[in-house]
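Observations on chain architecture
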Amino acid sequence: EAEELRVGFVGAGRMAGGLVRGLLRAGKVPASSILASAPSDRNLDAWRDLGCRTTHCNLEVLQDCALVFLATKPHVLPGVLQEIRPAVGPHHLVVSLVAGVTLQKLQRLLPAGTKVLRLMPNLPCVVQAGAMVFSRGTGASDEDAALLQTLLSSCGLCEEVPESYINIHTGLSGSGVAYVYLFAEALAEGAVKMGMPGGLASRIAAQTLLGAAKMMLETGEHPAKLRGDVCTPGGTTIHALHQLEKGALRATVMNAVEAATKRACDVGED
């Protein structure tokens with residue numbers, strides 16, 4: 001059954017490309033079963049290099065594939081939905097990756113009863129360590145949600161959530177990847193300042209983040225508990241944490257998540 005699944009992408013930008021690379025890397029879908037459409041060859045060349053099929057015709061994707069990801073820019077989507085609407089049938093499962101566009105709006109622009117889900121991935125899906133959340137529209141069943149979850153779990157963490165969490169996920173994880181890179185860069189630069197070569201410092205910073213994250217996931221412990229475990233009385237860690245608190249690290253990061261979440265909400269209003 002899974003071998004037969006044909007997966008289509010309407011729009012072939014970075015978000016869709018990351019997801020496809022993760023799926024191919026996991027061996028979930030053969031490249032020959034993937035068809036992507038975009039108006040120009042600018043993005044499609046990369047898909048062809050991966051072995052995927054490509055087209056300039058959005059309708060062709062609907063005719064060929066039962067599972068269709070919408071991955072256009074938000075302002076382009078209404079026009080694209082108008083174009084593909086006549087080809088959308090009850091056998092289609094339509095998954096939108098488009099930032100800020102609600103399930104309600106998607107359902108309004110597609111035929112009544114269309115099975116629609118809304119998904120927000122993040123960049124590390126490329127290396128199968130993504131964090132994804134999705135919500136389903138009124139037409140989508142438990143089976144539809146399970147199909148999507150099974151497929152995408154090969155690209156990382158994938159959870160079904162209320163739709164109101166999707167913009168928060170964007171602020172926490174979609175944009176959050178960049179906050180982590182900034183922190184990793186600062187960690188490594190601190191080590192360079194103290195005399196360690198840059199390449200080594202960057203590798204150790206990355207492994208430190210990976211290890212800390214893995215412990216959070218595998219122990220299920222609250223990060224404050226794990227942080228406490230590293231601190232010994234009068235030791236190096238508590239001296240360092242005092243400096244981070246003086247710099248208001250926590251408040252700053254909370255503000256960043258809030259700012260990105262609000263921006264994600266605004267994108268939907270535009």
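Rules behind the numbers
- Residues numbered from 1 in each chain as written.
- Predicted model: local features only at pLDDT ≥ 70, side-chain atom pairs only at ≥ 80, totals over all residues.
- Heavy atoms only, no water.
- Phe/Tyr/Trp six-rings, centres within 6.5 Å; stacked < 30°, edge-to-face > 60°.
- Helix = DSSP H or I, 4+ residues; strand = E, 2+ residues; numbered from the N terminus.
- Buried < 20%, exposed > 50% of the residue type's maximum accessible area, 1.4 Å probe, protein only.
- UniProt positions renumbered as here; feature names shortened; annotations may be inferred.
- Domains from an automatic or database assignment.
- Contact = heavy atoms within 4.5 Å.
- Buried area = accessible area lost by both parts, 1.4 Å probe.
- Salt bridge = Lys/Arg side-chain N within 4 Å of Asp/Glu carboxyl O.
- Polar contact = N/O pair within 3.5 Å; in protein donor to acceptor, adjacent residues only side chain to side chain.
- Nonpolar A, V, L, I, M, F, W, Y, C, P; charged D, E, K, R; others polar.
- Pairing = 2+ DSSP bridges.
- Axes fitted to C-alpha atoms, helices over the stretch in contact; angles between N-to-C directions.

**A word on the packing of aromatic side chains**
To describe a pair of aromatic rings, one takes the distance between the centres and the angle between the planes. A complete count under the given rule lists 2 aromatic pairs for this structure. Arranged with centres 4.8 Å apart and planes meeting at 10 degrees, the rings of Phe9 and Phe69 form a pair that is stacked. Here Phe9, found in strand β1 (residues 7–10), pairs with Phe69, found in strand β4 (residues 67–70); they are 60 residues apart in sequence, far enough to count as distant. A single burial state applies to Phe9 and to Phe69, both of which are buried.

**Focus: the UniProt feature "domain: Pyrroline-5-carboxylate reductase dimerisation" (unreviewed entry) in the protein chain**
With numbering matched to this structure, UniProt assigns "domain: Pyrroline-5-carboxylate reductase dimerisation" (unreviewed entry) to residues 163–264. The span residues 163–264 is 82% helical and 0% strand by assignment, and the distance between its end C-alpha atoms comes to 13 Å.

**Things to note about the domain arrangement of the protein chain**
Parsing the protein chain into structural domains produces domain 1 (7–161) and domain 2 (169–268). Contact with domain 1, which involves 10 residues of that partner, is made by 8 residues of domain 2. Buried surface at the junction of domain 1 and domain 2, both sides included, amounts to about 620 Å², of which 69% is carbon and sulfur. Its largest share of buried area at the contact with domain 2, domain 1 owes to Gly100, Met120 and Asn122, together 46% of the area lost on that side. Connecting domain 1 to domain 2 are 0 salt bridges. Applying the counting rule to domain 1 against domain 2 returns 3 residue pairs in polar contact (both at pLDDT 80 or more). Tallying contributions element by element places strand β7 (residues 130–136) first for the side of domain 1 that touches domain 2, with 3 residues. By residue class, the composition of the side of domain 1 that touches domain 2 is 8 nonpolar, 2 polar and no charged.

**Some remarks on the side chain of Thr261**
Note that Thr261 resides in helix α12 (residues 249–269). Setting aside residues up to four positions removed in sequence, Thr261 forms contacts with Asn167, Ile168 and Gly171.

**So, the sheet that holds strand β5 (residues 93–96)**
A sheet is described by the order of its strands in space; here 8 strands give the open sequence β3-β2-β1-β4-β5-β6-β7-β8, paired in mixed fashion. The sheet is open, and its two edges are formed by β3 (53–55) and β8 (156–160), each paired on a single side. For this sheet the average axis-to-axis angle between neighbouring strands, irrespective of direction, equals 25 degrees. Pairing of strand β2 (residues 34–37) with β3, which is carried by 3 bridges, proceeds in the parallel orientation. Looking at the pairing, Leu35 lines up with Arg53 of β3.

**Side note on the environment of Ser37**
Positionally, Ser37 belongs in strand β2. What makes Ser37 buried here is its relative accessible area of 0%. Setting aside residues no more than four positions away along its own chain, Ser37 makes contact with Phe9, Val10, Gly11, Ala12, Leu44, Thr55, Cys57, Asn58 and Val61.

**Quick notes on unusual backbone geometry**
Even without being a glycine, Gln128 presents a positive backbone phi close to 60 degrees. Relative to the assigned elements, Gln128 resides in the loop between β6 (115–120) and β7. In this structure, Ala248 is a non-glycine residue whose phi angle is positive, near 55 degrees. Summarising the element assignment, Ala248 is placed in the loop between α11 (236–246) and α12. Look at Ala248 and you get partly exposed, because its relative accessible area is 33%.

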